[in-house]
Amino acid sequence: MTDFMQTIYVILWGVLALLTFAFGIKQKAPYAFIMSACFVFMAVWYALDAYSGIYMFAGTFGIVYKVVLGIFLVLIVGAYILSRRRGNRK
């Protein structure tokens with residue numbers, strides 16, 4: 001991947017993190033804060049891959065990346081389901 005595209009990915013994840021954080025504040029949605037943390041993780045991971053010279057998506061780092069994203073997915077889905085159930089009770 002070219003340096004330009006790697007920079008675009010880092011910016012993309014950073015902007016998504018800011019947008020979901022703002023959405024979480026505005027809508028008071030707890031799952032949005034977890035998504036924002038996930039996007040911050042993605043931005044840092046892509047930045048390390050792009051600028052440190054370490055291959056962050058290969059080998060052990062690739063496995064760690066997939067496990068952390070899986071954990072974020074479970075947390076986001078769980079928080080979303082809980083927030084929907086609380087909304088239906090009101």
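Because the structure is a prediction, the values reported are computed rather than measured.

Asks: Can you walk me through the packing of aromatic side chains in this structure?
Replies: By convention here, two paired aromatic rings are described through the distance between centres and the angle between planes. Inspection of the entire model under this criterion finds twelve aromatic pairs. One aromatic cluster is present, formed by Tyr9, Trp13, Phe39, Phe41, Trp45, Tyr46, Phe57, Phe61, Tyr65 and Phe72 through successive ring pairs.

Asks: Quick question: what am I supposed to make of the nonpolar core here?
Replies: In summary, soluble globular proteins display a tendency toward joint burial of nonpolar side chains. Ranked by internal contacts, the top residues of the largest apolar core, which has 14 residues, are Trp13, Cys38, Phe41, Met42, Trp45, Tyr46 and Tyr65. Every element with two or more residues in this core is listed here: α1 (3–27), α2 (30–51) and α3 (59–89). For this core, the element with the most residues is α2, which contributes seven residues. For Cys38, the contacting residues outside a window of four places in its chain are Leu69, Phe72 and Ile76.

Reading guide: rules and limits
Residues numbered from 1 in each chain as written. Predicted model: local features only at pLDDT ≥ 70, side-chain atom pairs only at ≥ 80, totals over all residues. Heavy atoms only, no water. Phe/Tyr/Trp six-rings, centres within 6.5 Å; stacked < 30°, edge-to-face > 60°. Core = buried A, V, L, I, M, F, W, Y, C linked by side-chain atoms within 4.5 Å. Buried < 20%, exposed > 50% of the residue type's maximum accessible area, 1.4 Å probe, protein only. Helix = DSSP H or I, 4+ residues; strand = E, 2+ residues; numbered from the N terminus. Contact = heavy atoms within 4.5 Å.

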